[in-house]
Amino acid sequence: MRIAILSDTHSRYHTIEAALQLVEQHRVELILHCGDIDDSEAVWLFPPNTHFVFGNCDLEPAAIRQAIHGIGATLHEPFGRLELDGSSIAWLHGDDRALMHSLEQSGDFDYLFYGHTHVADERRTERTRVINPGALHRVRQKMLLVLDLESGETQTVVVE
């Protein structure tokens, strides 16, 4: 199974559309959004196989929640957790440092994805690969990540 992880889209509709075209080209089955959607209009660009969490810039949660429901996607609060192809995955925005630390130190996850910093990063804490896919706004190079769960290989995808 291939999943895409992206973050910090901040209502940049053109960038979101370009990113989703690339996601489709990579034959991704599931999308994880690590927060900072910004508004409900941005949600309507995403397919139903998207799983969202809120970020600190998601200031209209009721409207965003309604749009997520409207497209048939899923909202996880305050963080997401899924078991996919034998891998335990969690994701959150990353602005809540205590929650981020707790999830990272728990030892419960194979992968922990986060956003917020707009800086791509990867490290390992015990069994957990902690990964920030980068951002789609306020960065020199807009990017997202594609993870092949079978091989564990990640691919950074640059969005023009």
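The sections below set out a description of the structure shown in this document.

Conventions we followed
Residues numbered from 1 in each chain as written. Predicted model: local features only at pLDDT ≥ 70, side-chain atom pairs only at ≥ 80, totals over all residues. Heavy atoms only, no water. Salt bridge = Lys/Arg side-chain N within 4 Å of Asp/Glu carboxyl O. Helix = DSSP H or I, 4+ residues; strand = E, 2+ residues; numbered from the N terminus. Buried < 20%, exposed > 50% of the residue type's maximum accessible area, 1.4 Å probe, protein only. Pairing = 2+ DSSP bridges. Axes fitted to C-alpha atoms, helices over the stretch in contact; angles between N-to-C directions. Contact = heavy atoms within 4.5 Å. Core = buried A, V, L, I, M, F, W, Y, C linked by side-chain atoms within 4.5 Å. Lys, Arg positive; Asp, Glu negative; His and termini not counted. Polar contact = N/O pair within 3.5 Å; in protein donor to acceptor, adjacent residues only side chain to side chain.

## Thoughts on the pattern of salt bridges
Any two side chains of opposite charge can pair if their charged atoms end up close together.
Thought 1: The tally for this structure, following the rule as stated, stands at five salt bridges.
Thought 2: The closest approach of N and O atoms between Arg 65 and Glu 77, which form a salt bridge, is 3.1 Å. With a gap of twelve residues between them, Arg 65 in helix α3 (residues 61–71) and Glu 77 in the loop between β4 (74–75) and β5 (80–84) connect regions that are remote in the sequence.
Thought 3: Given a relative accessible area of 47%, Glu 77 falls into the partly exposed group.

## Focus on the sheet that holds strand β6 (residues 87–91)
Thought 1: Spatially, β5-β6-β7-β9-β8 is the arrangement adopted by the five strands of the open sheet, whose pairing is mixed. Each of the sheet's edge strands pairs with one partner strand only, and the pair in question is β5 and β8 (121–125). Ignoring which end each strand starts from, the neighbouring axes of this sheet average 20° apart.
Thought 2: By the bridge criterion, three bridges tie strand β7 (residues 111–113) to strand β9 (residues 128–132) in an arrangement that is parallel. What sits directly across from Tyr 111, in β9, is Arg 129.
Thought 3: Sheet contacts for helix α4 (residues 97–106): β7, β8 and β9; angle to β8, the most-contacted strand, approximately 50°.

## Quick notes on the pairing of β8
Residues in a regular strand point their side chains to alternate faces of the sheet.
Thought 1: Of the pairings in the sheet, the one linking β8 to β9 comprises five bridges and is antiparallel in character. Pairing of Asp 121 across the sheet is with Asn 132, part of β9.
Thought 2: Between β8 and β9, which pair antiparallel one after the other, the connecting turn spans two residues, and Glu 126 there sits at a positive phi close to 55°.

## Quick notes on the sheet that holds strand β3 (residues 50–52)
Thought 1: With respect to topology, six strands assemble into an open sheet ordered β4-β3-β2-β1-β10-β11, the strand pairing being mixed. If you trace the sheet from one side to the other, it starts and ends with β4 and β11 (154–158), each paired once.
Thought 2: In this structure, strand β1 (residues 2–6) lies alongside strand β10 (residues 143–148), joined through four bridges in antiparallel fashion. Paired with Arg 2 across the two strands is Asp 148, which belongs to β10.

## Concerning the environment of Val 119
Thought 1: As for its position among the elements, Val 119 is in the loop between β7 and β8.
Thought 2: For the pair Val 119 and Asn 132, spaced 13 residues apart in sequence, the C-alpha separation works out to 6.9 Å.
Thought 3: Beyond its immediate chain neighbours, meaning those up to four positions away, Val 119 contacts Asn 132 and Gly 134.

## With respect to the nonpolar core
Thought 1: Ile 31, Val 43, Phe 46, Phe 52, Leu 144 and Val 159 are the most contacted members of the largest nonpolar core, which has 26 residues in total.
Thought 2: Not counting residues up to four positions away in its chain, the partners in contact with Ile 31 are Ala 4, Leu 6, Leu 20, Val 23, Pro 47, Asn 49, Thr 50 and His 51.
Thought 3: If you look at the next biggest cluster of nonpolar residues, it comprises 16 residues, including Leu 30, Val 53, Tyr 111 and Phe 113.

## A few points about the side chain of Asp 39
Thought 1: Topologically, Asp 39 is positioned in the loop between β2 (30–33) and α2 (40–43).
Thought 2: For the buried Asp 39, no salt bridge exists, and the shortest N-O distance to an oppositely charged side chain is 7.6 Å, to Arg 12.
Thought 3: In this structure the side chain of Asp 39 is engaged in a polar contact, spanning 2.9 Å, whose partner is the side chain of Ser 11.
Thought 4: In terms of polar contacts, Asp 39 uses its side chain to reach the backbone amide nitrogen of Ala 42, at 2.9 Å.
Thought 5: Aside from chain neighbours lying at most four places away, what touches Asp 39 is Ser 11, Tyr 13 and Ile 64.

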